Amino acid sequence: MPRRKKQQLLTDKYPQEKKIVSKYFKTEQNDRKASGTDDVVRLTTEKQRSEDLKILKEFDLNWEYGPCAGITRLERWERAEKHDLNPPADVKDLILGHQDEDDYLHCLWKDYDL
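Residues numbered from 1 in each chain as written. Predicted model: local features only at pLDDT ≥ 70, side-chain atom pairs only at ≥ 80, totals over all residues. Heavy atoms only, no water.

Draft legend 1. Expanded view of unusual backbone geometry. Of note, D84 is a non-glycine position whose phi angle comes to about 55°, a positive value. Residue position: D84 is located in the loop between α2 (73–82) and α3 (89–97). We classify D84 as exposed; its relative accessible area is 62%. One non-glycine residue, N86, lies in the positive phi region at around 50°. Relative to the helices and strands, N86 is located in the loop between α2 and α3. (Helix = DSSP H or I, 4+ residues; strand = E, 2+ residues; numbered from the N terminus. Buried < 20%, exposed > 50% of the residue type's maximum accessible area, 1.4 Å probe, protein only.)

Here it is in structure tokens:
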């Protein structure tokens, strides 16, 4: 009777490496986990920023609130409020919440001489 060869497993072809468990390794793993959370937070804030700027862009493109060339978004919002044009309150909240960022303060046309 012919002798059968033992069927080899795919995992038999690749050597297994022993993992070194030490204080350094555990710390490195914890650092990776922490940075992973930072990545999620960063992606969330980038997504939120993108949505915020989309709302502000829509405000800039809506001529119902008057022209926006040469003034900041907040000045335009206040002018529209003064003339009872009912600008969206969330736009003002976005602008006031990000007063240190030019992308939130200045209108879409800030880079153009109009």
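Draft legend 2. The pattern of salt bridges, seen in detail. All chains considered together, the criterion is met by three salt bridges. Close ionic contact of R49 with E101 constitutes a salt bridge, the shortest N to O distance being 2.4 Å. With a gap of 52 residues between them, R49 in helix α1 (residues 23–61) and E101 in the loop between α3 and α4 (102–105) connect regions that are remote in the sequence. (Salt bridge = Lys/Arg side-chain N within 4 Å of Asp/Glu carboxyl O.)

Draft legend 3. The arrangement of α3 in detail. Turning to α3, its buried residues are V91, L94 and I95. The buried residues of α3 occupy an angular sector of 95° when projected down its axis, which confines them to one face. Facing away from the buried side of α3, by more than 90 degrees, are the exposed residues D93 and G97. (Arc of directions from axis to C-beta.)

Draft legend 4. Quick look at the packing of α2 against α3. In the contact formed by α2 and α3, the axes pass within 10 Å of each other and the chain directions differ by 150°. In terms of their interaxial angle, α2 and α3 are classed as roughly antiparallel. Viewed along their axes, α2 and α3 form a crossing whose handedness is left-handed. Between α2, through R73, L74 and W77, and α3, the contact on the second element is made entirely by A89, V91, K92, I95 and L96. Looking at the contact of α2 with α3 residue by residue, the class counts come to six nonpolar, no polar and two charged. (Axes fitted to C-alpha atoms, helices over the stretch in contact; angles between N-to-C directions. Parallel < 35°, antiparallel > 145°, perpendicular 65-115°, else oblique. Left-handed = near helix turned anticlockwise from the far one by under 90°. Contact = heavy atoms within 4.5 Å. Nonpolar A, V, L, I, M, F, W, Y, C, P; charged D, E, K, R; others polar.)

Draft legend 5. Broad picture of the packing of aromatic side chains. All told, the structure shown has one aromatic pair when counted by the stated rule. The aromatic ring of F59 is capped on one face by R76, whose charged end is 4.6 Å from the ring centroid. (Phe/Tyr/Trp six-rings, centres within 6.5 Å; stacked < 30°, edge-to-face > 60°. Lys NZ or Arg CZ within 6 Å of the ring centre and 35° of its normal.)

Draft legend 6. Representation of the side chain of R76 in the model. Following the sequence through the fold, R76 ends up in helix α2. Nearest to the buried, unbridged R76 among oppositely charged side chains is D60, at 4.2 Å. A polar contact is formed between the side chain of R76 and the backbone oxygen of F59, at a distance of 2.6 Å. Ignoring sequence-local partners within four residues, the contact set of R76 consists of F59, D60, N62, W63, Y65, G66, P67, C68 and I71. (Lys, Arg positive; Asp, Glu negative; His and termini not counted. Polar contact = N/O pair within 3.5 Å; in protein donor to acceptor, adjacent residues only side chain to side chain.)

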